[in-house]
Amino acid sequence: ALAESAAVPPQNIYKTVVRNMSKTIIIIGAIIFLMLVFSYIQNKRNEKKLRKLNESRPNLTRTEYINRLVKNGFEKQHAEIVHDKIREFIQMDNFSIYPEDDIHKIYGIEDLDDIELIDSICEKLSLRKVEQKDCDELNEKIKIFNAEYILTLIKSLTEENTAYNRAYSKAVTGGSD
């Protein structure tokens with residue numbers, strides 16, 4: 001068998017390798033194509049689901065959204081930023097968002113995207129990035145990832161930031177206010 005393979009001319013080996021590579025490239029291309037088609041179908045389904053939901057409930061303006069959250073004890077500026085960032089993230093201008101909407105289930109924002117959303121809000125508010133321990137503590141109290149969840153997290157970070165600034169100020173001024 002070894003003598004037979006040594007007797008195969010190099011041109012035939014080259015043709016075989018090229019043929020196998022061509023098949024591999026076609027298979028990889030087909031897989032990528034199928035993944036794109038599947039992704040497209042999922043996006044269309046999600047858009048249809050959101051359109052149905054939007055038609056089934058009254059339109060909530062930005063002001064009404066923010067006022068609901070302010071009535072629940074959150075700062076107006078924080079509620080505005082959360083609203084704007086969620087809207088920016090879902091990229092559906094004609095969709096009416098609600099503070100109680102489950103961001104994972106309704107908007108299709110996945111686990112890594114929710115961290116990106118929270119980080120963008122923290123950056124806008126000049127707060128430190130959220131750590132896993134912050135979320136773990138909050139997950140015990142709030143089970144749904146919605147605007148209230150994000151604002152509670154932001155409120156906690158803001159209070160922590162304020163306490164740090166007070167302690168730093170006292171240290172710099174020698175304890176006098």
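See the structure shown above.
Residues numbered from 1 in each chain as written. Predicted model: local features only at pLDDT ≥ 70, side-chain atom pairs only at ≥ 80, totals over all residues. Heavy atoms only, no water.

Turning to the nonpolar core, a few remarks are in order. By size, the foremost hydrophobic cluster in this structure holds 37 residues, and its most contacted members are Tyr-65, Ile-86, Tyr-107 and Ile-150. For this core, the elements supplying multiple residues, two or more each, are α3 (62-71), α4 (76-90), α5 (103-107), α6 (111-124), α7 (132-141) and α8 (147-173). Sort the elements by how many residues they give to this core and α8 lands first, with 7 residues. If we skip the residues at most four places from it in the chain, Tyr-65 touches Leu-60, Ala-79, Val-82, His-83, Ile-86, Ile-97, Tyr-98, Pro-99 and Ala-147. (Core = buried A, V, L, I, M, F, W, Y, C linked by side-chain atoms within 4.5 Å. Buried < 20%, exposed > 50% of the residue type's maximum accessible area, 1.4 Å probe, protein only. Helix = DSSP H or I, 4+ residues; strand = E, 2+ residues; numbered from the N terminus. Contact = heavy atoms within 4.5 Å.)

It is worth spelling out the pattern of salt bridges at this point. A complete count under the given rule lists 9 salt bridges for this structure. Between Arg-62 and Asp-84 there is a salt bridge, and its shortest N-O distance comes to 2.9 Å. A residue pair is termed long-range when its members are at least 10 positions apart, and Arg-62 in helix α3 and Asp-84 in helix α4 qualify at 22 residues. One continuous salt-bridge network, built from bridges that share partners, spans Arg-128, Glu-131, Lys-133, Asp-134 and Glu-160. (Salt bridge = Lys/Arg side-chain N within 4 Å of Asp/Glu carboxyl O.)

Once that is clear, we can look at the packing of α4 against α6. For the pair α4 and α6, the least separation of the axes is 10 Å and the interaxial angle reads 140°. It follows that α4 is oblique to α6 by the angle criterion. Judged by the twist between their axes, the crossing of α4 over α6 is right-handed. Residues Ile-81, Val-82, Lys-85, Ile-86 and Phe-89 of α4 pack against Asp-113, Glu-116, Leu-117, Ser-120, Ile-121 and Lys-124 of α6. (Axes fitted to C-alpha atoms, helices over the stretch in contact; angles between N-to-C directions. Parallel < 35°, antiparallel > 145°, perpendicular 65-115°, else oblique. Left-handed = near helix turned anticlockwise from the far one by under 90°.)

What follows is about the side chain of His-78. Of note, His-78 is situated in helix α4. Apart from the residues lying within four places of it in its own chain, the contact partners of His-78 are Leu-125, Leu-151, Ile-154 and Thr-158.

What follows is about unusual backbone geometry. Non-glycine residue Ser-126 carries a positive phi angle of around 55°. As for its position among the elements, Ser-126 is in the loop between α6 and α7.

Further remarks concern the side chain of Asp-101. Within the element layout of this structure, Asp-101 appears in the loop between α4 and α5. A relative accessible area of 4% means that Asp-101 is categorised as buried. One polar contact links Asp-101 to Arg-57, side chain to side chain, over a distance of 2.8 Å. Apart from residues no more than four positions distant in its own chain, Asp-101 is found in contact with Arg-57, Phe-95, Ser-96, Ile-106, Tyr-107, Phe-145 and Asn-146. (Polar contact = N/O pair within 3.5 Å; in protein donor to acceptor, adjacent residues only side chain to side chain.)

Turning next to α4. If you check α4, its first and last C-alpha atoms are 21 Å apart, about what 15 residues at 1.5 Å a residue would give, namely 21 Å. For α4, the set of buried residues is His-78, Ala-79, Ile-81, Val-82, His-83, Lys-85, Ile-86, Arg-87 and Ile-90. Just downstream of α4 lies Gln-91, where phi reads positive at about 55°. (Expected span 1.5 Å × (residues − 1).)

Treat this as a map of the structure, not an account of what it does.
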